[in-house]
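If you want the building blocks of each chain, they are given just below.
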Amino acid sequence: MSFFIFDMSLLVILVLVISIFLYKGRKNLQQEGALILYRTSWGIKLINYVGAKYQKTLKFLSYISISLGYVLMTSIIFIIVQTVYLYFTTPIASVIKAPPIMPLIPYFPKLFGLENIFPSFPVTSFIISLLIVATVHEFAHGIFARRYGIKIKSTGFAFFKYFPAIFGAFVEQNDKQMKSKKRFEQLAVLSAGVFANIITAVIFFFILISFFNYAFVPSGIEFDTYAYSIMPSENITSINSILTDNPTIEEMLVILNGSRMGKIIANNESYVGVFGEIEKTGVVALYNDAPAINAKLPAVIQEINGIKITNHEILEEELKKYSPGEKVVLKILEDEGISTKEIILDENPDKTGQAWLGICFNSINSEGLIRKSILWVTSYKNPHTYYEPIHKDRDNFIKDLIWWIIIINILVALMNMLPAWIFDGGMFLYLTIWSITGSEKTAKKIFSISTWFILLLFILLMTKWLFVFLF
């Protein structure tokens, strides 16, 4: 069964289950705008139990929750401002056609080079993720509210009227009691939702590690790019038989017709393409004339002459058995599936007499913090090992589901701490300024300025998008 059919089958089952649930409980339904509310009493009982039983623990966690709220607020302000800056200074607006109503998706991964973080987009996974995110967020608000003596009026589930498969939990508190509480207590209740989202993300991160170790097995080695050499561009004397004199990267790509591949002579050595420029310093990286790039070898190698290759060390040891000029048969993984390819090994330019494929492995240590964490999940045992699921569709679906739960929890936590009117972060900022200055008037003024500032940033994004879209 294909991944798409698997996803759609689960979606149909989910819709049927929800439809039956709503039909049986139709007497308890209440419509509010585009939402259908299903109120439950067990939610209140659970909130009252936890909020009353663990008061000391919740008081301690309040300090962590409030501190985390400030970290998330600072982070989301930086991300939004950086997003606007990059949106106006890079060609991203013309690459992504979707309007930037929610810049974190799809603009966030594209702008910050995190495309590989986001898994495939199965609809069912997204719906389940939203349910988990909304439930832990709302119930955390309720539990902390109950801890500080704020009455919970109702709880339940809210279904989107036009597509009930999209739903989440809600908790309705007594707002008058909330406003009467100390500012510390209000801050604790406001930050509780995002605190729960981050804790949920951390928990599912470790669940992902455990599941990956159980359901995925090493089945090959994945290299990052073909071998290349770094040198000053002034050393390049010809490109595709055209004489050059210290060419810029742009001039090189013009001669190569933008393909980056072609015959390049530098230091009286032959190269087969341009890997890229090194931070615009006049230094370039050129692809070596090596077996892997000449054979257009795909990134995943599973076997060499029948010997399974599952990590970098096995690959090196196996290549030592051969001499330059010998032929080997590689089992490789391509987009079309598994195939074999014959390769004649060359001599390693850095190690005389040693056979060489001409592939490169970049270090995980050179990656950013987020990317390091993600790579650690799949390669903390054997960096650059390629893993395959035992049951392809099922295991990939579960992996992507867990990833979406992690990602959406983090994104919801960030967005909710935006210091603007409709978000928890707006009231969080308001109460903070009031506490610092002792002036409610000053707090209202700064809250208003912050809200209009965030709104202006979104207007700027939409204006740029409309300009690119229309012209």
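It should be emphasised that the depicted structure is a prediction, and the values quoted were computed from it without experimental measurement.

(A) The arrangement of the sheet that holds strand S3 (residues 152-160) in detail. One open sheet holds the four strands; their spatial order is S1-S2-S3-S4, and the pairing between them is antiparallel. Looking at the sheet topology across the chains shown, the edges are occupied by strand S1 (29-32) and strand S4 (167-173). Taken over all neighbouring pairs, the strand axes of this sheet differ in orientation by 35° on average, direction set aside. Where strand S2 (residues 35-40) and S3 come together, six bridges link them in antiparallel fashion. When the sheet's bridge partners are listed, leucine 35 is paired in S3 with phenylalanine 160. In the packing of helix H2 (residues 42-53) onto the sheet, contacts are made with S2, S3 and S4, and the angle to S3 comes to roughly 130°.

(B) Summary view of the packing of helix H3 (residues 55-89) against helix H14 (residues 424-437). One can describe the packing of H3 onto H14 by two numbers: an axis separation of 11 Å at closest approach and a directional angle of 110°. Between H3 and H14, the crossing angle belongs to the class labelled roughly perpendicular. Crossing handedness for the pair H3 and H14: left-handed. Residue-level inspection shows Ile66, Gly69, Tyr70 and Met73 of H3 in contact with H14, the latter providing Gly425, Phe428, Leu429 and Thr432. Grouping the amino acids of the contact of H3 with H14 by side-chain chemistry returns five nonpolar, three polar and no charged.

(C) Region of interest: unusual backbone geometry. One non-glycine residue, arginine 260, lies in positive phi territory at about 70°. Position of arginine 260 among the secondary structure elements: in the loop between helix H9 (249-255) and strand S10 (261-266). Looking at arginine 260, the relative accessible area reads 33%, which means it is partly exposed. Notably, lysine 296 is not glycine yet its phi reads approximately 50°, a positive angle. Its location among the elements puts lysine 296 in the loop between helix H10 (291-294) and strand S13 (300-304). The exposure class of lysine 296 is exposed, given its relative accessible area of 67%.

(D) Molecular detail of the packing of helix H8 (residues 183-215) against helix H13 (residues 392-416). Two elements in contact, H8 and H13, have axes whose closest approach is 9 Å; the angle formed by their N-to-C orientations is 160°. Taken as axis vectors, H8 and H13 run roughly antiparallel relative to one another. Like other packed secondary-structure pairs, H8 and H13 cross with a definite hand, here left-handed. Across from Val194, Asn197, Ile198, Thr200, Ala201, Phe204, Phe205, Ile207, Leu208, Phe211, Phe212 and Ala215 in H8, the residues of H13 making contact are Asp395, Ile398, Lys399, Ile402, Trp403, Ile405, Ile406, Asn409, Ile410, Val412, Ala413 and Asn416. Its residues assigned to classes, the contact of H8 with H13 shows 18 nonpolar, four polar and two charged.

Conventions and cut-offs
Residues numbered from 1 in each chain as written. Predicted model: local features only at pLDDT ≥ 70, side-chain atom pairs only at ≥ 80, totals over all residues. Heavy atoms only, no water. Pairing = 2+ DSSP bridges. Helix = DSSP H or I, 4+ residues; strand = E, 2+ residues; numbered from the N terminus. Axes fitted to C-alpha atoms, helices over the stretch in contact; angles between N-to-C directions. Contact = heavy atoms within 4.5 Å. Parallel < 35°, antiparallel > 145°, perpendicular 65-115°, else oblique. Left-handed = near helix turned anticlockwise from the far one by under 90°. Nonpolar A, V, L, I, M, F, W, Y, C, P; charged D, E, K, R; others polar. Buried < 20%, exposed > 50% of the residue type's maximum accessible area, 1.4 Å probe, protein only.

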